[in-house]
Amino acid sequence: PVFGVKITRNLAQAGHCRHRQQIAMAAKRAVGRKADDVQTSDSAWKTVRSFTYQEHLECLAPPLGDCQTVPSNWPQGLGLEVSKQPRVPWLPPGWGQACRSGWRPTIYISPEEMGSRALYNRASVERALGKRLKPVDQHGVVLGDAFIKLWPKWLAKDWRIAYKKSANGSVRPFFLGPDDTVYKDKKSVLACTKKIVKQRRARLGTRKSRPDVEFRNDVECFRTFTRKQLEECFAPPLGGSRKPPRHWPKGLLVTNLPRTSWLPKGWTQGYRPYKEKGRRFRKLYVAPPEKGSKVVFHRRDVEKVEGRSLCSVDQHGQPLGIPNTFTTDWPKWLPSRWRIGYFRTGETVKVCFLNANGAKFPDRRAVLDSLNPARIKQREKQVKAAEKKETENKPIKTLGLFAMRMAQRRRLVSSVKVEGDESDDELPESTDIFLSFTHEELTECFAPPLGDSTTPPAHWPEGVEVCTLPRISWLPPGWGQGIRMGPQGRKYKVYIAPKGHRRLEVKNKESMEVNVGRRLKPLDQHGKNLRVGNALIEHWPNELPRTWQIGYHKLQGEVRSCFISSKGTIYKDMLAVCRHLNMEAWTERRIEKVNQQEEERLSKCKRLRRMDATKVEPLEDEAVEDAAGGPVSCVQDDRMAEESAKEAARPKKRLRTAEGRVQERKPRPMRQLESKSGLDLSKLHVADGEWLRNHPLYFKMHQRNYPIPIGDQDILALKAFTPKEMGGDACLEFH
């Protein structure tokens, strides 16, 4: 009678309840189920509130915003810091979020009127307030349990998240598109997004047929740099000085590397050497004296000391308005007379390159094309050749392991064959050769630092021997090359500094750059920069005559090597030299080297391990014949005879039958390792011998002892019917 007739019926369906509180809750659930069953249309729901992406961020913004200063009313002695994480949805207004170094969970600080207590979980906050907490916005308005805490990754930022409320009080989220179209769930949103992407692709066409987007030359650059301005802007904080300032802690050294773009004014850069072996130098930042000369290692630590977020600044500390990801070094491929500019497209900042006339280019490719227009035609030819080669010589991956190996071997051999047009080998006489070496000059330039002497100097560490190999190109004058024995008995190369350095021994180029305080580049024997970059040839090629010269020239801003004959003709690479000298022996030697490498690789495979064979008498009731005809000749060498004798001398295992008699185990018949057809492998051609030894049937017959009724001659006969793509000789074409 209290709840009514309909509710009583629902209570009967819900089950028997003893207490009054259970009856009330059962009635509420019954009414809710009835309401949900009846009100299924969208008209029964009412939109409560909607959030854009920016409003969602503001709703869950940190309680103190961007402020990093700890309030005065917070507990002291706990090492608390202001948390940058978004606000927890259930945290009431007036409360603060804090963190502690080395402590992962978030700490919640109550308001000053509640004693500014530090609590560590939601249950403690609820006990302090005496009520259950629900998600609220920044103003304390209840949002409901269905509130989405984080903006979904699959939802675009120009959409909105809305919440609707039914008559029974339940709240559900839904999504509104840019045109206010309603979408119920994630599935419908992704379907709409996929449809929009398909429509855009249909308008633009495929990627191959899509025309290149032209770069707008009328954009305005808000910041430009010449090469001199860029070097001054990011010069080392201490200039060329190597002496540490007085306010620095002891044990720090000055680095002359370019200044980090976000480093504030007054801060300095340095590094600390480690005494332990095997540890590298670590870059660090030292605060000014008024901030305690604190030493930190990361950008976030610098931001904590400064109490603000950092951005890229110039040498005077003024913001540049440029992202921190842009380079502080002048690109090697960019001419010195050009400029680097930055412009805005919406909220993003992009880079461009300006020539002497003011024309703008978006990237490196456009710059190099403007310097050499022939690059465009050359690139089109390369693309067509690559597409043609991909369609014609595409390896068949379903042929098996053996076919793939033979195809790989053929590609390796074809890569060293001398092919091509001889008209493209020579460079024009007008080529600007800015550096050249004869054989004597190259040997003298990269001679060992100590010459022919094998006695280590007095200041060298103990256990280091003199290395008589040619000098490394980037080794500075005065440094030496040595060899030290490692802990596992392996030798490795070390570099010894001149007398007077703090660290005498380094192991690699990076450690030497930190020790010297600059980047190392290829140098001659007098320490002069060669300015050839990675194109340097340190060793004289064996195929190049010693009457020739090795030269270097620039092509499209890149340094490339070339070879000058005794008559003054310039050849672009070593293959061109070989074509000119008609060095067939050199080509054959390269092919043999490739074959040897492939054979060594195959011999290391586990499935190619050779098994010891035992001598077995032929069975009387079986006549084994070769597929090529004629009986099989069983041949054994001395090694196999000795192993067979050892096997016979070993105690044989015995089997006990059901009758109790002891029966000796008979040896398993195994095929011989020699050729069954009497074929002399030493008289075969190199290609035929390799085909035979690498064929899977050969492995199964001679190493795994499979009883296959064929011989070696049959395996050789298969080569004439195997396509070339699989390593055979047959040329199969389908029309």
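Coordinates for the structure precede this section.
Residues numbered from 1 in each chain as written. Predicted model: local features only at pLDDT ≥ 70, side-chain atom pairs only at ≥ 80, totals over all residues. Heavy atoms only, no water.

Things to note about the packing of aromatic side chains
What counts here: In this scheme Phe, Tyr and Trp rings, the latter by its six-membered ring, pair at centre separations within 6.5 Å, and the angle between planes marks the pair as stacked below 30 degrees, edge-to-face above 60, and tilted otherwise. Put simply, DSSP marks the helices as runs of H or I at least four residues long and the strands as runs of E at least two long, and each gets a number from the N terminus on. Accessible area is worked out with a 1.4 Å probe on protein chains only. A residue is then buried under 20% of its type maximum, exposed over 50%, and partly exposed in between. Over a ring means this: the NZ of a Lys or the CZ of an Arg is within 6 Å of the ring centre and within 35 degrees of the ring normal.
Tallied over the full model, the rule gives 14 aromatic pairs. Measuring from ring centre to ring centre gives 5.4 Å for W154 and F175, while their planes differ by 75 degrees; the resulting arrangement is edge-to-face. Residue W154 is located in the loop between α4 (122-129) and β6 (160-165), and its partner F175 is located in strand β7 (residues 171-176); the two are separated by 21 residues in the primary sequence. With relative accessibility at 6%, the residue F175 sits in the buried group. The ring of F222 has R344 lying over it, and the distance from NZ or CZ to the ring centre is 4.1 Å.

Thoughts on the pairing of strand β22 (residues 549-555)
Under the convention used in this document: Strand pairing requires that DSSP identify at least two bridges connecting the strands.
Alignment of strand β17 (residues 433-437) against β22, held across 4 bridges, turns out to be antiparallel. Along β22, the bridge assignment pairs F437 with I550. Sheet analysis places β22 next to strand β23 (residues 558-564), joined by 7 bridges and oriented antiparallel. Bridge assignment links Q549 to a residue of β23, and that residue is I564. Between β22 and the antiparallel strand that follows it, β23, lie 2 residues; Q556 among them carries a positive phi value of about 60 degrees.

A closer look at the side chain of S565
Test applied: Contact definition: two residues touch when any of their heavy atoms are within 4.5 Å.
Structurally, S565 is set in the loop between β23 and β24 (570-571). Exposure remark for S565: the relative accessible area of 11% places this residue in the buried category. With sequence-adjacent residues up to four places away left out, S565 is seen in contact with W548 and Y571.

Thoughts on the pattern of salt bridges
For the record, the criterion: Each reported salt bridge corresponds to a side-chain nitrogen of Lys or Arg within 4 Å of a carboxyl oxygen of Asp or Glu.
Tallied over the entire structure, the rule returns 15 salt bridges. A salt bridge links D329 to R519; the nearest nitrogen and oxygen atoms lie 3.0 Å apart. Of the two residues, D329 is situated in the loop between α7 (299-306) and β14 (339-345) and R519 in the loop between α12 (509-516) and β22; the sequence distance between them amounts to 190 residues. By relative accessible area, D329 is classed as partly exposed at 26%. Note that R364 and E558 form a salt bridge whose closest N and O atoms lie 2.8 Å from each other.

Examining the nonpolar core
Quick reminder of the rule: Among the buried residues, those of types Ala, Val, Leu, Ile, Met, Phe, Trp, Tyr and Cys that are joined through side-chain atoms within 4.5 Å form a nonpolar core.
Residues F437, L530, L544, I550, Y552, F563 and V577 are the most contacted members of the largest nonpolar core, which totals 19 residues. Elements with a contribution of two residues or more to this core: β17, α11 (439-445), β22 and α13 (574-581). Among the elements that make up this core, the one with the highest residue count is α13 (3 residues). Once you skip the residues sitting within four places of it in the chain, V577 turns out to touch L544, W548, F563 and Y571. Formed by 17 residues, the second largest nonpolar core is a distinct cluster that contains I322, L334, I340 and Y342.

Here we look at the layout of surface pockets
Spelled out, the test is: Buried and open spaces are told apart on a 1 Å grid over the protein atoms alone, a cavity being a set of points where a 1.4 Å probe fits but cannot get out and a pocket being an open set with protein on both sides within 12 Å along at least five of seven lines. Residues with an atom within 4 Å of a point are the lining residues. Grid points are joined across faces, edges and corners, and a volume is the space filled by probe spheres set on the points. Here the nonpolar group is Ala, Val, Leu, Ile, Met, Phe, Trp, Tyr, Cys and Pro; Asp, Glu, Lys and Arg are the charged ones; every other residue, Gly included, is treated as polar.
What the largest pocket holds in volume is close to 1700 Å³. If you go around the largest pocket, you meet 44 residues; those closest to its centre are R227, W330, K332, K521 and R531. Listed by contribution, the elements that provide at least two residues to the lining of the largest pocket are α6 (227-233), α8 (364-371), α12 and β23. No other element matches α6, which puts 3 residues into the lining of the largest pocket. In terms of residue class, the lining of the largest pocket is built from 21 nonpolar, 9 polar and 14 charged.

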